[in-house]
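Coordinates in review
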Amino acid sequence: MSSHVVRSGRRVSPWLALAGFGVAVAVAALIGGLGVAGTANEYNSLNQPSWAPPSWLFGPVWTVLYAMIAMSGWLVWRRTGWSAALNWYAAQLVLNAIWTPIFFGAGQYGLALIDIVVLWVLIVVTIWKFRPVSKVAAGLLVPYLGWVGFATALNAAIWSAN
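A few points about the overall build of the protein
Check the secondary structure of the protein and you find seven helices and two strands. Along the chain direction, N to C, the helices and strands of the protein fall in the order β-β-α-α-α-α-α-α-α. Relative to a compact globule of 162 residues, whose C-alpha radius of gyration would be 15 Å, the protein shows 17 Å and is just as compact. When the backbone C-alpha atoms are referred to their principal axes, the protein occupies close to 55 × 30 × 20 Å.

Shown next as structure tokens:
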């Protein structure tokens, strides 16, 4: 493959595109990070199930997942340019970004549960759309799907208990 990918009649460096996917994911992470700034006490004060992880675990897990999400989107872009599959990717990233402000910022646990259930469905659709393009890209999203499934159960338990 050439060092530049032709998209929309112009050449785009794949490294610049990777940086773009990194920035998009970083924006989602930043929105989430701002939404949880100073909320460890709030999280710890909620009635939680016994299987709830400690608040410090979320940062490291999300850091790894966000890197995998960015790489996944980039791999599909390398093969298709911006495509319908990446529209699903973008939609799930938006829902990912707004969950934290809904849950922590607004304290709307039920609305956050709706958001995260739809997010989970969009991740499934994204994986399904990515698989024919790149099995690696689809596979990179599987741990994310698992974590969001776990987070959905945690959100539901917290909503029910609080």
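Considerations on helix 4 (residues 84-105)
The end-to-end C-alpha distance of helix 4, which contains 22 residues, comes to 32 Å, matching closely the 32 Å that a straight helix rising 1.5 Å per residue would cover. Of all the bends found along helix 4, the most pronounced is centred on Ile-98 and spans about 25 degrees, while Pro-101, a proline, follows it within four residues. At the exit of helix 4 stands Gly-107, carrying a positive phi of roughly 65 degrees.

Re the environment of Ala-137
Counting through the fold element by element, Ala-137 comes out in helix 6 (residues 135-140). Sequence separation of Ala-137 and Leu-65 is 72 residues, and the distance between their C-alpha atoms is 13 Å.

Digging into the side chain of Asn-155
Relative to the helices and strands, Asn-155 resides in helix 7 (residues 142-161). In terms of polar contacts, Asn-155 uses its side chain to reach the side chain of Trp-99, at 2.9 Å. Separated by 3.3 Å, the side chain of Asn-155 and the backbone nitrogen of Leu-113 make a polar contact. Beyond its immediate stretch of four places on either side in the chain, Asn-155 contacts Trp-99, Phe-103, Tyr-109, Ala-112, Leu-113 and Ile-116.

What to know about the packing of aromatic side chains
Evaluation of the coordinates by the stated rule reveals 15 aromatic pairs. Ring geometry for Trp-62 and Tyr-66: centres 5.1 Å apart, planes at 35 degrees, overall tilted. Linking Trp-62 with Tyr-66, this pair stays in helix 3 (residues 58-80), spanning four residues, or about one helical turn. A centroid spacing of 4.6 Å and a plane angle of 50 degrees characterise the contact between Phe-103 and Tyr-109, whose relative ring orientation is tilted. Taking the relative accessible area as the measure of exposure, Phe-103 reaches 1% and is therefore buried. A connected cluster of aromatic rings, assembled from ring pairs, spans Tyr-43, Trp-51, Phe-58, Trp-99, Phe-103, Phe-104, Tyr-109, Trp-147 and Phe-150.

Things to note about the nonpolar core
Side chains of a nonpolar character, in soluble globular proteins, are inclined to be buried together. By size, the foremost hydrophobic cluster in this structure holds 47 residues, and its most contacted members are Ile-69, Tyr-89, Phe-103, Phe-130 and Tyr-144. Listed by contribution, the elements that provide at least two residues to this core are helix 1 (14-36), helix 3, helix 4, helix 5 (109-130), helix 6 and helix 7. Counting residues per element, this core draws most heavily on helix 4, at 10 residues. Setting aside residues no more than four positions away along its own chain, Ile-69 makes contact with Val-25, Tyr-89, Gln-92, Leu-93, Leu-141 and Tyr-144.

Let's talk about the packing of helix 3 against helix 7
Their axes nearest at 10 Å, the elements helix 3 and helix 7 cross at an angle of 140 degrees. Classed by the angle they form, the pair helix 3 and helix 7 counts as oblique. Here the hand of the crossing between helix 3 and helix 7 comes out left-handed. Two secondary-structure elements touch here, helix 3 through Phe-58, Val-61, Trp-62, Leu-65, Met-68 and Ile-69 and helix 7 through Pro-143, Tyr-144, Trp-147, Val-148 and Leu-154. Each residue belonging to the contact of helix 3 with helix 7 can be placed in one class, and the counts come to 11 nonpolar, no polar and no charged.

Calculation rules
- Residues numbered from 1 in each chain as written.
- Predicted model: local features only at pLDDT ≥ 70, side-chain atom pairs only at ≥ 80, totals over all residues.
- Heavy atoms only, no water.
- Helix = DSSP H or I, 4+ residues; strand = E, 2+ residues; numbered from the N terminus.
- Rg over C-alpha atoms; globule rule 2.2 N^0.38 Å.
- Expected span 1.5 Å × (residues − 1).
- Bend = angle between axes of the 7 residues up to and from the residue.
- Polar contact = N/O pair within 3.5 Å; in protein donor to acceptor, adjacent residues only side chain to side chain.
- Contact = heavy atoms within 4.5 Å.
- Phe/Tyr/Trp six-rings, centres within 6.5 Å; stacked < 30°, edge-to-face > 60°.
- Buried < 20%, exposed > 50% of the residue type's maximum accessible area, 1.4 Å probe, protein only.
- Core = buried A, V, L, I, M, F, W, Y, C linked by side-chain atoms within 4.5 Å.
- Axes fitted to C-alpha atoms, helices over the stretch in contact; angles between N-to-C directions.
- Parallel < 35°, antiparallel > 145°, perpendicular 65-115°, else oblique.
- Left-handed = near helix turned anticlockwise from the far one by under 90°.
- Nonpolar A, V, L, I, M, F, W, Y, C, P; charged D, E, K, R; others polar.

Without other data, these values stay purely geometric and don't point to any function.
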